[in-house]
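Each chain, written out:
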Amino acid sequence: MSQTEEASDAAEYARQREQMVKQQIQGRGITDPAVLAAMRTVPREAFVPSPYRQLAYDDSPLPIPANQTISQPYIVGYMIAALALRPGDRVLEIGAGSGYAAALLSRIVREVYAVERHLELVDYARERLARLGYDNVWIRHGDGTQGWPEHAPYGGIIVAAGGPAVPEPLKDQLAIGGRLIMPVGHSRHQQTLVRITRTDETTYRDERLVGVAFVPLIGDEGW
Ligand code: SAH
């Protein structure tokens, strides 16, 4: 591709990104200014595999390597907004996948730690985050149901895969006043988004938000 073609491509994606934020995110009631600003900035097309790049701003999840998916933009925006993050927070993400949600989080908080069980995706996400210069994100290869205790406690934890229950290690690694959001369900492919707020050392408040369909959380405290 020539430089002029690349520039016009980038301009076209920027236009689609703006439209995505207006219609899919703001249009459906998400108002958190930090979330909207991050979604206006991060190029989702850079996280979508090349055969699907033209669809980067569609209102849907898309395939990524290892038989996984990059989530629908609205769901990512909804989950991040539900964490009510503050700029100084440290956030943990389970299921880094393409790295797109981690990139958004990196524009909102100080430090992002993400765990991914497929090595192929660890490399995929790291490569893209590095290329875009998002240097406050760290990705570890492993079973995210155990969390990442070395950097705990976290002001927010986001789980991007659906499991039968919220893993205990994740609840332990939540800061007091922090929130966790995760798809929880009895079936491997249908869940309800559950938000947990840690109110003190031993007390957690649970809320059931909306019905969703995520890929399964595979691990010691998952499926
Ligand atoms: N947040 C991602 C969405 C990825 S889909 C994005 O923005 O693209 C969910 C991811 O969770 C998949 O990549 C899957 O491999 C991963 N996953 C599933 N179980 C896991 C576990 N126990 N630990 C870490 N990652 C897990």
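Model, not experiment: these values are computed from the prediction.

### Considering the site of the ligand
- Contacts to the ligand come from 26 residues, most closely from E93, S98, E116, G144 and I218.
- Contact between the ligand and E116: an oxygen atom at 2.7 Å from a side-chain N or O atom of the residue.
- When the free accessible area of the ligand is taken as 580 Å², the share hidden by the protein chains comes to 99%.
- Elements with a contribution of two residues or more to the shell around the ligand: β2 (68-70), α4 (100-106) and β4 (111-116).
- With 3 residues, the single largest contributor to the shell around the ligand is β2.
- Classifying every residue of the shell around the ligand gives 12 nonpolar, 10 polar and 4 charged.

### Some points on the pattern of salt bridges
- One pass over the structure, following the stated rule, counts 12 salt bridges.
- R86 is paired through a salt bridge with D89; the nearest N and O atoms lie 3.8 Å apart.
- A salt bridge links R131 to E127; its shortest N-O distance comes to 3.0 Å. Highlighted residues: R131 and E127, both in helix α5 (residues 119-131), separated by 4 residues, approximately one helical turn.
- The class of E127 is partly exposed, set by a relative accessible area of 43%.
- Through salt bridges with shared partners, one network takes in E18, K22 and R40.

### Some remarks on unusual backbone geometry
- In this chain, A152 is followed by P153 through a cis amide linkage whose omega measures 5 degrees.
- Residue placement: P153 occurs in the loop between β5 (137-141) and β6 (154-159).
- Despite not being glycine, N67 has its phi angle at roughly 65 degrees, a positive value.
- Along the chain, N67 turns up in the loop between β1 (62-64) and β2.
- For N67, a relative accessible area of 74% gives the class exposed.

### Describing the nonpolar core
- Grouped together as the largest cluster of nonpolar side chains are 52 residues, with contacts concentrated most on M39, F47, I80, L85, Y100, L104 and I139.
- When residues of this core are traced back to their parent elements, those giving at least two are α1 (3-25), α2 (33-41), β1, α3 (73-82), α4, β4, α5 and β5.
- Top element by residues in this core is α3. It accounts for 7 residues.
- When near neighbours in sequence (up to four residues on either side) are disregarded, F47 contacts V42, I64, I70, S98, G99, Y100, A103, Y124, R128, L129 and L132.

### Quick look at the pairing of β6
- Judged by how many residues are buried, β6 sits mostly within the fold: 6 of 6 residues are covered.
- Bridge count for strand β3 (residues 90-94) against β6 is 4 bridges, and the pairing is parallel. Bridge pairing in β6 links I94 to V159.
- The sheet contact formed by β6 and strand β7 (residues 174-184) spans 4 bridges and is parallel.

Criteria and cut-off values
- Residues numbered from 1 in each chain as written.
- Predicted model: local features only at pLDDT ≥ 70, side-chain atom pairs only at ≥ 80, totals over all residues.
- Heavy atoms only, no water.
- Near = heavy atom within 4 Å.
- Polar contact = N/O pair within 3.5 Å; in protein donor to acceptor, adjacent residues only side chain to side chain.
- Areas by Shrake-Rupley, 256 points an atom, 1.4 Å probe, with all protein chains shown as cover.
- Helix = DSSP H or I, 4+ residues; strand = E, 2+ residues; numbered from the N terminus.
- Nonpolar A, V, L, I, M, F, W, Y, C, P; charged D, E, K, R; others polar.
- Salt bridge = Lys/Arg side-chain N within 4 Å of Asp/Glu carboxyl O.
- Buried < 20%, exposed > 50% of the residue type's maximum accessible area, 1.4 Å probe, protein only.
- Core = buried A, V, L, I, M, F, W, Y, C linked by side-chain atoms within 4.5 Å.
- Contact = heavy atoms within 4.5 Å.
- Pairing = 2+ DSSP bridges.

Spatial relationships are all this shows, so hold off on functional conclusions.
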